[in-house]
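# Summary of the model geometry
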Amino acid sequence: MRLVLLTALGVGGATLFGSLLGFVFRKVTHRLADVVMSFAAGIMLAAAVLGLILPSIEYGGKWGLMYTIPGIFVGALCLNLIDKLVPHLHKLVVPVADGNPNEALHKVILFVLAIAIHNLPEGIAAGVGFGAENTSQALLNAGGIALQNIPEGMAIIGPMLAAGVSPKRTMLAAACTGLVEVVGTLFGYFAASISAAVLPFALAFAGGTMLYVISDEMIPETHAHGAERPATYALLVGFCVMLVADVLLG
């Protein structure tokens with residue numbers, strides 16, 4: 001349990017660390033932001049497939065696919081439902097509205113809310129891995145999620161400062177998005193630990209939420225500013241980094 005708690009703090013702390021970097025690198029070009037976020041998407045994609053979906057099939061035994069496939073779709077549908085019920089805006093850079101700072105601040109709040117929404121399933125994915133009792137794979141999975149949290153944390157700072165939010169409140173908002181991930185990690189761990197029977201479904205559910213975020217949010221956003229080609233290769237590099245780590249440490 002202590003290891004799970006430390007992992008939860010590490011995963012959430014990665015967002016906070018990225019936020020600190022965001023204060024240093026406030027003016028990041030769209031091209032660089034897209035490449036970094038695509039690298040993070042590759043990390044998430046590998047973590048979802050290698051650390052969650054394939055183990056779901058393995059732990060499900062003979063009928064593994066009967067748990068895994070529904071779990072993937074239920075995870076994606078749940079996140080889709082949250083997207084519909086909770087108004088939010090998922091953009092890497094939110095411009096300040098001309099002559100209307102309140103409108104810009106409203107957009108920034110929706111943007112930060114989107115980060116928090118998607119941090120929850122990422123945290124759950126990090127926690128569920130520990131329910132499989134494969135500590136090395138769980139730590140690798142959580143490490144990949146933490147790594148992709150850094151550019152997410154960076155993305156929060158610039159828009160909020162540009163909208164006139166004070167540095168203290170900006171940092172507090174970033175900390176709150178990281179706290180969501182801590183809660184998600186602990187929730188995922190306890191949910192997967194309740195019964196071995198639900199573990200295959202829980203792993204697939206977490207994998208489905210991550211696949212949804214990658215396809216619905218990250219890839220479209222990183223391909224929207226003319227950097228499609230470098231973004232694509234950055235995703236492949238991120239995926240391969242996790243693949244190598246899985247082979248060497250798994």
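Quick notes on the rules
Residues numbered from 1 in each chain as written. Predicted model: local features only at pLDDT ≥ 70, side-chain atom pairs only at ≥ 80, totals over all residues. Heavy atoms only, no water. Helix = DSSP H or I, 4+ residues; strand = E, 2+ residues; numbered from the N terminus. Buried < 20%, exposed > 50% of the residue type's maximum accessible area, 1.4 Å probe, protein only. Contact = heavy atoms within 4.5 Å. Areas by Shrake-Rupley, 256 points an atom, 1.4 Å probe, with all protein chains shown as cover. Expected span 1.5 Å × (residues − 1). Core = buried A, V, L, I, M, F, W, Y, C linked by side-chain atoms within 4.5 Å. Axes fitted to C-alpha atoms, helices over the stretch in contact; angles between N-to-C directions. Parallel < 35°, antiparallel > 145°, perpendicular 65-115°, else oblique. Left-handed = near helix turned anticlockwise from the far one by under 90°. Nonpolar A, V, L, I, M, F, W, Y, C, P; charged D, E, K, R; others polar. pLDDT = per-residue confidence, 0-100.

## With respect to the overall build of the protein chain
- A count of helices and strands for the protein chain gives eight helices and zero strands.
- Secondary structure elements of the protein chain occur, N-terminal to C-terminal, as α-α-α-α-α-α-α-α.
- The 250 residues of the protein chain split such that 50% are buried.
- A fraction of 86% describes how many contacts in the protein chain between residues 6 or more apart in sequence connect residues 24 or more apart.
- Per element, the accessible surface of the protein chain, about 11,800 Å² overall, is 72% carbon and sulfur.

## Considerations on the side chain of Ser38
- Its location among the elements puts Ser38 in helix α2 (residues 30–59).
- Beyond its immediate sequence surroundings of up to four residues, Ser38 is in contact with Thr222, Ala231, Ala234 and Leu235.

## Here we look at helix α5 (residues 135–162)
- Helix length check: α5 (28 residues) gives 42 Å between terminal C-alpha atoms against 40 Å at 1.5 Å per residue, within 8%.
- For α5, a buried count of 21 out of 28 residues is recorded, marking the element as mostly surrounded by other parts of the structure.

## A few points about the environment of Phe17
- For Phe17, the position within the fold is in helix α1 (residues 2–24).
- Classification of Phe17 as partly exposed rests on a relative accessible area of 45%.
- Distance from Phe17 to Met154, taken between C-alpha atoms, is 8.3 Å for residues 137 residues apart in sequence.

## So, the nonpolar core
- Counting residues in hydrophobic clusters, the biggest one holds 37 residues, and the most contacted among them are Met210 and Met218.
- Looking at this core, the elements with two or more residues in it are α1, α2, α3 (64–85), α4 (101–131), α5, α7 (199–222) and α8 (228–249).
- Here this core gets ten residues from one element, more than from any other, and that element is α2.
- Formed by six residues, the second largest nonpolar core is a distinct cluster that contains Ile115, Ile156, Met160 and Ala173.

## What to know about the packing of α2 against α5
- Running from N to C, α2 and α5 cross one another at 160°; their axes reach a closest spacing of 9 Å. Comparing the axis directions of α2 and α5 gives the class roughly antiparallel. Seen from above, α2 lies across α5 with left-handed handedness. On the side of α2, the interface is formed by Val36, Met37, Phe39, Ala40, Ile43, Met44, Ala47, Leu50, Gly51 and Leu52, while α5 contributes Gln137, Asn141, Gly144, Leu147, Gln148, Pro151 and Glu152.
- In the contact of α2 with α5, the residues fall into eleven nonpolar, five polar and one charged.

## Describing the confidence of the model for the protein chain
- Confidence in the prediction for the protein chain averages 81 pLDDT; 88% of positions are at 70 or higher.
- By mean pLDDT, α4 is the weakest element of the protein chain at 73, and α8 is the strongest at 91.
- Note on residues 91–99: pLDDT is under 50 here. Beyond four places in sequence and across chains, it has 22 contacts.

## Brief notes about the packing of α2 against α7
- Running from N to C, α2 and α7 point in directions that differ by 160°, and their axes come no closer than 8 Å. Regarding the angle of α2 to α7, the classification is roughly antiparallel. Every pair of crossing elements has a handedness; the one defined by α2 and α7 is left-handed.
- Among the residues making up the contact of α2 with α7, the classes are represented as 21 nonpolar, five polar and two charged.

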